[in-house]
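Read off the chains here:
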Amino acid sequence: MAGLYIHIPFCKSRCIYCGFYSTTHTNLKQKYVDSLCCEIKLRAEEILNSNNKKNLGSFVNNKLLIDTIYFGGGTPSQLEEKQLVQLFNNIYNQFAISPSAEITIECNPDDITEDYSKVLSNLPINRVSLGVQTFNEEQLKFIRRRHDKNAIFYAVEQLRHIGIGNISIDLMYGFPGETIDDWEYDIKNALSLNIEHISAYSLMYEEGTPLHHLLKQGIIKETDEDTSYNMYNILTDRLKDAGYEHYEISNFAIKGFHSRHNSSYWEGIPYIGIGASAHSYDIFTRQWNVSDVETYINSIEKGCIPMEFELIDEDTRYNDSITTCLRTSKGLDISILSDKHRKFCLDCAADFIKQGYVELINNRLRITRKGLFISDMIMSELMFI
């Protein structure tokens, strides 16, 4: 079954590290939501009339069956109740939604007030991902997050109160000047929430962001590689001891609570992206919408989805498998590769296997615990160029 991604690019303010497409022009929210609803209809009609619709999954009453819905951003919790209701009405009108669908919304902790919790409780949302990043008040101010530590605990409490039994948080490590003790403090607080899922990422200095500018000016320094390595190992040890499964390089979950939507990306399951900058994938092509809200709205109002696309050939499909499957604990099933790509992959992986960074068991190639921290380098070496 396919997944559905809805991009909500609006933010009250921009965090200094963010390289994703977002905007603070919140006056365009309603026009944007109207455009999303138009694109949902256009996509559903396009899929129904496509010669490749069988590649997307199953159909019920001429509607594509959707197994996961994900509202990402930006800050989806910046949408008002009427706008979320409008979107869900259109989604359910145009697609068949599985009764067991995982339906996620990303939220800022400070948006989860008592009133907003009631809004969420009236919607079919059953999973919430909170952009926590850190529990350290100084670091929160440095990266220009709007919430404080108390807001995180309050948000989880409110979500539990309305019956959300699947909560995820995002954490970051490797802040300028961050110590091992600082990171241990974040992990301890995260575990005290008793949530189902934790994603943790090393702070990235994306070119064009204020954070990158501070680095280039010499105002801040990156965390050294040894410290980052130690932080990653501490993370994996602490979460494993607490009962979390390390199912993807940066993702940990209590058994039964893996992110089904994100897992579809790593497992090559088709998905449809709606909204400015959203990506779609149907096995044979990859599409992406324009990364500009106003251009997106203007194009949709004319009945045209402003997107580009690329055909996926066998070499690209192999490279996609390397950069997705090898991120997961399941690894890559090399038996599905062509003879050419299987031989190439095993030849390139031979030295990594000897060094214990990669292992091959029952036709599955996977990166070991020892190799996880250098996984990007390993995957780049296995790419077919």
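Going by the structure above, here's the rest.
This is a predicted model, so every value here is computed, not measured. (Residues numbered from 1 in each chain as written. Predicted model: local features only at pLDDT ≥ 70, side-chain atom pairs only at ≥ 80, totals over all residues. Heavy atoms only, no water.)

## Description of the pairing of strand β4 (residues 96-107)
Alright, step 1. Burial runs high along β4: 10 of the 12 residues are buried.
Alright, step 2. Two strands pair when backbone bridges link them, and strand β3 (residues 63-73) and β4 are joined in this way by 6 bridges, in the parallel orientation. Bridge pairing in β4 links Thr 68 to Glu 102.
Alright, step 3. Each parallel crossover has a hand, and for β3 linked through helix α2 (residues 81-94) to β4 it is right-handed.
Alright, step 4. With 4 bridges joining them, β4 and strand β5 (residues 127-133) adopt parallel strand pairing. Paired with Thr 104 across the two strands is Arg 127, which belongs to β5. (Buried < 20%, exposed > 50% of the residue type's maximum accessible area, 1.4 Å probe, protein only. Helix = DSSP H or I, 4+ residues; strand = E, 2+ residues; numbered from the N terminus. Pairing = 2+ DSSP bridges. Right-handed = clockwise from strand over helix to strand, strands pointing away.)

## Quick notes on the side chain of Glu 39
Alright, step 1. In this fold, Glu 39 is placed in helix α1 (residues 29-48).
Alright, step 2. A distance of 2.8 Å separates a polar atom in the side chain of Glu 39 from the backbone nitrogen of Gly 275. (Polar contact = N/O pair within 3.5 Å; in protein donor to acceptor, adjacent residues only side chain to side chain.)

## A closer look at the sheet that holds strand β14 (residues 332-333)
Alright, step 1. In space, the 3 strands of this open sheet follow the order β14-β16-β15, with antiparallel pairing throughout. Bordering the open sheet on either side are β14 and β15 (358-361), each of which pairs with just one other strand.
Alright, step 2. Note that β14 and strand β16 (residues 364-367) share 2 bridges and pair antiparallel. Each bridged residue has a counterpart across the sheet, and for Leu 332 the counterpart in β16 is Leu 365.
Alright, step 3. Here helix α12 (residues 339-354) sits on the sheet and contacts β14, β15 and β16; the angle it forms with β15, its principal contact strand, is near 120°. (Contact = heavy atoms within 4.5 Å. Axes fitted to C-alpha atoms, helices over the stretch in contact; angles between N-to-C directions.)

## Describing the pairing of strand β1 (residues 2-8)
A regular strand places its side chains so that they alternate between the two faces of the sheet.
Alright, step 1. Burial analysis of β1 places 7 of its 7 residues in the buried class, the great majority of the element.
Alright, step 2. Residues of β1 alternate between two faces, with Ala 2, Leu 4, Ile 6 and Ile 8 on one and Gly 3, Tyr 5 and His 7 on the opposite face, all of them buried.
Alright, step 3. Pairing of β1 with strand β10 (residues 271-274) involves 4 bridges; the strand directions are parallel. In the sheet register, Leu 4 faces β10, and the bridge partner there is Ile 272.

## Description of the environment of Asp 67
Alright, step 1. By the secondary structure assignment, Asp 67 is in strand β3.
Alright, step 2. Judged by relative accessible area, which is 15%, Asp 67 ranks as buried.
Alright, step 3. Along the chain, Asp 67 and Ala 2 lie 65 residues apart, while their C-alpha atoms are 5.9 Å from each other.
Alright, step 4. If sequence neighbours within four positions are ignored, Asp 67 has contacts with Met 1, Ala 2, Ser 98, Ser 100, Ala 101, Glu 102 and Arg 260.
Alright, step 5. Within the structure, Asp 67 has its side chain in polar contact with the side chain of Arg 260 (distance 2.8 Å).

## Regarding the environment of Ile 274
Alright, step 1. If you trace the backbone, Ile 274 turns up in strand β10.
Alright, step 2. Here Ile 274 falls in the buried class, since its relative accessible area comes to 0%.
Alright, step 3. For the pair Ile 274 and His 7, spaced 267 residues apart in sequence, the C-alpha to C-alpha distance is 6.2 Å.
Alright, step 4. Contact partners of Ile 274, with chain neighbours within four places excluded, come to Leu 4, Tyr 5, Ile 6, His 7, Leu 36, Glu 39, Ile 40, Arg 43, Asn 289 and Tyr 296.

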